[in-house]
Every structure is written in structure tokens, then in C-alpha cells.
Amino acid sequence: MDAATVVLAVVLVVAYAVGIARVRARGLVWPIRRSVAWFAGVASLLVVTLGDLGARAHALLWVYTVQVLVLLLGTPVLLAYGRPLALAVDALSPTASARLLRLRSGWIARTIANPAVGPLVVPVLLGVIFFSPVLGVTLEHEWAYDLLQIALVGIGLLIAIGLVGDGAERDTSLALAATVAVAFVELLFDAVPGIVLRLRTHLVATAYWTRVHHSGRLSALTDQQHAGAALWFIAEFADLPFLLIVIRRWIRVDQLDAVRIDSELDASATGGGIAPGATAGAAGGAQGENVPEFTTPWWETDPTRLRGHPIQREQQE
């Protein structure tokens, strides 16, 4: 039994349930879909650590690899859709909420949760896990293994919040467009750890896997090749939903920007209460002065833009 992940799951469930209770006690509504996403994330944490994957993670490298990828790329996305920061802001006292929002707006938190930065951390982190002493230490020592699992969920949650959003971000269309470009580049980098592990001809954590694998079963090198294939495929496949999430946010922000710009143009066109379709005569009669007629876009009547235009030249002649 993996006591560390059980304790983590209990903490996540209890904290979220208390937050929902406080929000509802204040007369606010908390969407059910967010709760479903959060508890589904907790369930995936337990399945991958207590189920068959958890039982065989120390016997087969490919199972260990799948577990790492789920904890880093799967579980955190479900938790992020639970909007934990928004729940904390609504559930905590005004002072605590303000403190949390200040922490969220700090440069460290903004950098970690930046959707253009987080995805680049994934291939680096995977490289450290599989091609450094981290792999051997986590396999040999239970405390290191538990610490890695908790760290994967925490780091993955920060990355997922940057991609999914947390309700406190201030997205811009330009920033999200840059994020999409970075995500396409990151698709290439994510394949590197898996390709290297798949094509490697000697074992990682040689002493451990040589001792674990016995004759008559799957050879250690074949197991490692399967792990490399899983790392390559799952890491690449998991990038696609992330990319679609960012593109969806980009479209939504672009639409909101368009609505905001239209509202600002309408406000400037009314000139303090005059309807955009009002004629110059009617406006002038109402206020006793000449008011320009806003029946055509400004760029069609701007003299500086009409110079050289065929119609303008005909009028000048």
C-alpha cells in the first residue's frame, strides 16, 4: 500500500470538500463539473499508484514510465479543471484571499504557471528522471519514490494551471499566440527522452534492473525499449490536448477582445449619449452644435487616408 499517495488523496478530497461547503454557506454556487474533474483527478492518482500499475512499477520499467507520465500529465489536468485557486479565493476570508491573489500575481508564480514556460519543463524533467541517479534512487528507496510521486503531481498541477487557466489569469491574445508557437516546438522536444530510451543499447539503473529481471521473463533491455516507446508515444499524445486547450483559450480571449473593442468604439461614437445612428442634424438640434454623423467607418472619410484614392482624386479635380 502506498501510504504517501493515500494521505495526499485524503488531503485533496477533504480540502476541496471543505472549500465547497464554505462557498455554498456564503450563498455562492460552485459548478458540479469542477467538482467532478477534481475528484476524477484524485481517483486517477489512486488508480495509478494503488492499482496494477502501482504494484508492478518496481518490477517493470515500462509500468514505472506510464505511472510517471500519468502523474505528471494526466492527473494534474483533471485537478486543474477543478479550479482549486478560484475555490480557495471564494472559500477563504477576504484577507487570506487577498494574500493568495498577491502570491498568485508574483513573478515566481506567474513564471511557473506561464503556459509558454510550463510545457518546456516536461522534457527536461523526464530527462532528469530517466537519465540521472533519480531513477535508481526512487527504485531503491521508498521515501524517494513517494517524494517523486508527490513532486510530479505538484509540478504537473502548476503546468496544467498555466495551460487550463485558474480564473485569476489575465490572458492576452498575443501571449497565447506565442504560447501556441512554443507548444509546436515543444512537441519536438518531448520526443527526445523517449527516443533516446528506446534506442539505448545499455540499461539505465543497471544494477537494479539486472537484479529484478529474471531469466524466462521479459528481458531488461526489452522492458527498457517498451518503456522508451511508451515515453515517446504518451508524451507526444498528451501534448495534443494541451495544445487544443491553449488554442481554445486563444480563440475565447480573441473574441472577448473583439467585444471590448466594439464596446469602446460604440462608447466613443455615442459622444455622451447620442445614438450611433443619429444624424448630424438631429444631434445638432438636440445639443445646439454640429456633431459629426457616425454612419460610416472613420477610415472611409479620413482625408489623410483618402489621398491618392481614385474617388478622392476625382473630387479634387
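These notes cover the structure that comes with them. (Residues numbered from 1 in each chain as written. Predicted model: local features only at pLDDT ≥ 70, side-chain atom pairs only at ≥ 80, totals over all residues. Heavy atoms only, no water.)

On to the overall build of the protein chain, then. Across its full length, the protein chain holds 16 helices and zero strands. Across the 317 residues in the protein chain, those meeting the buried criterion constitute 39%. Long-range contacts, defined as pairs at least 24 residues apart, comprise 77% of the intrachain contacts of the protein chain with a sequence gap of at least 6. A total accessible area of about 17500 Å² is found for the protein chain, and carbon and sulfur atoms account for 68% of it. (Helix = DSSP H or I, 4+ residues; strand = E, 2+ residues; numbered from the N terminus. Buried < 20%, exposed > 50% of the residue type's maximum accessible area, 1.4 Å probe, protein only. Contact = heavy atoms within 4.5 Å. Areas by Shrake-Rupley, 256 points an atom, 1.4 Å probe, with all protein chains shown as cover.)

Turning next to helix α6 (residues 94–105). Counted at 1.5 Å a residue, the expected span for α6 with its 12 residues is 16 Å, and the 16 Å between its end C-alpha atoms agrees. Those residues of α6 lying buried are A96, S97 and R104. Looking down the long axis of α6, one finds its buried residues gathered within 100° of arc, a one-sided arrangement. With respect to the buried face of α6, the exposed residues turned more than 90 degrees away are P94, T95 and R102. (Expected span 1.5 Å × (residues − 1). Arc of directions from axis to C-beta.)

On to the pattern of salt bridges. Across all of its chains, the model carries one salt bridge by this definition. Among the ionic pairs, R211 bridges to E140, the shortest N-O distance being 3.0 Å. Highlighted residues: R211 in helix α12 (residues 206–212) and E140 in helix α9 (residues 133–140), separated in sequence by 71 residues. Looking at E140, the relative accessible area reads 41%, which means it is partly exposed. (Salt bridge = Lys/Arg side-chain N within 4 Å of Asp/Glu carboxyl O.)

Here the focus is the nonpolar core. Membership of the largest hydrophobic core comes to 55 residues, with the highest contact counts inside it found for L61, Y64, L126, I129, F130, L152 and W209. Ranked by the residues each element gives to this core, the list is headed by helix α4 (residues 61–80), at 11 residues. Excluding anything up to four places from it in sequence, W209 contacts A57, H58, A59, L60, L61, L135, L139, L203, V204, A220 and D223. (Core = buried A, V, L, I, M, F, W, Y, C linked by side-chain atoms within 4.5 Å.)

A few words on helix α8 (residues 118–130). For α8, with 13 residues, the first-to-last C-alpha span of 19 Å sits near the 18 Å given by 1.5 Å per residue. Residues of α8 that are buried include every one of G118, P119, V122, P123, L125, L126, G127, I129 and F130, and no others.

This part covers the environment of L218. Within the secondary structure, L218 is located in the loop between α12 and α13 (220–270). Separated by 158 residues in the primary sequence, L218 and L60 have C-alpha atoms spaced 8.8 Å apart. Discounting chain neighbours no more than four positions away, the residues touching L218 are L60, H213, D223 and H226.

What follows covers the packing of helix α1 (residues 3–25) against helix α5 (residues 84–91). Where α1 meets α5, the closest approach of the two axes is 8 Å, and the angle between their N-to-C directions is 50°. The pairing of α1 with α5 is recorded here as oblique in orientation. In the crossing of α1 with α5, the sense of the turn from one axis to the other is left-handed. Along the contact surface, α1 presents Y16, G19, I20, R22 and V23, while α5 presents L87, D90 and A91. (Axes fitted to C-alpha atoms, helices over the stretch in contact; angles between N-to-C directions. Parallel < 35°, antiparallel > 145°, perpendicular 65-115°, else oblique. Left-handed = near helix turned anticlockwise from the far one by under 90°.)

Once that is clear, we can look at a nonpolar patch on the surface. Together, L120, F131, F189, V192 and V196 make up an exposed nonpolar region whose accessible area comes to about 400 Å². The dominant element in the nonpolar patch, judged by the number of residues it contributes, is helix α11 (residues 173–199), at three residues. Within the secondary structure layout, L120 lies in helix α8. Overall, L120 belongs to the partly exposed group, its relative accessible area being 36%. (Patch = residues over 30% accessible without salt bridge, like charges linked within 9 Å, V, L, I, M, F, W, Y side chains within 5 Å.)

A word on the packing of aromatic side chains. One pass over the structure, following the stated rule, counts five aromatic pairs. On the numbers, 6.4 Å between centres and 70° between planes, the contact of Y16 with W30 is edge-to-face. Here Y16 is found in helix α1, whereas its partner W30 is found in the loop between α1 and α2 (32–50), with 14 residues between them in sequence. On the accessibility criterion, Y16 (2% relative accessible area) is buried. Members of the aromatic cluster, connected to one another through ring pairs, are Y16, W30, W38 and F39. (Phe/Tyr/Trp six-rings, centres within 6.5 Å; stacked < 30°, edge-to-face > 60°.)

Leave glycine aside and you will find that most residues have negative phi; peptide bonds, for their part, are mostly trans. Located in the positive-phi region is R83, a residue other than glycine, with phi close to 50°. Along the chain, R83 falls in the loop between α4 and α5. Judged by relative accessible area, R83 falls into the buried class, the value being 17%. Although it is not a glycine, A205 adopts a positive phi angle of roughly 50°. The residue A205 is located in the loop between α11 and α12 in this model.

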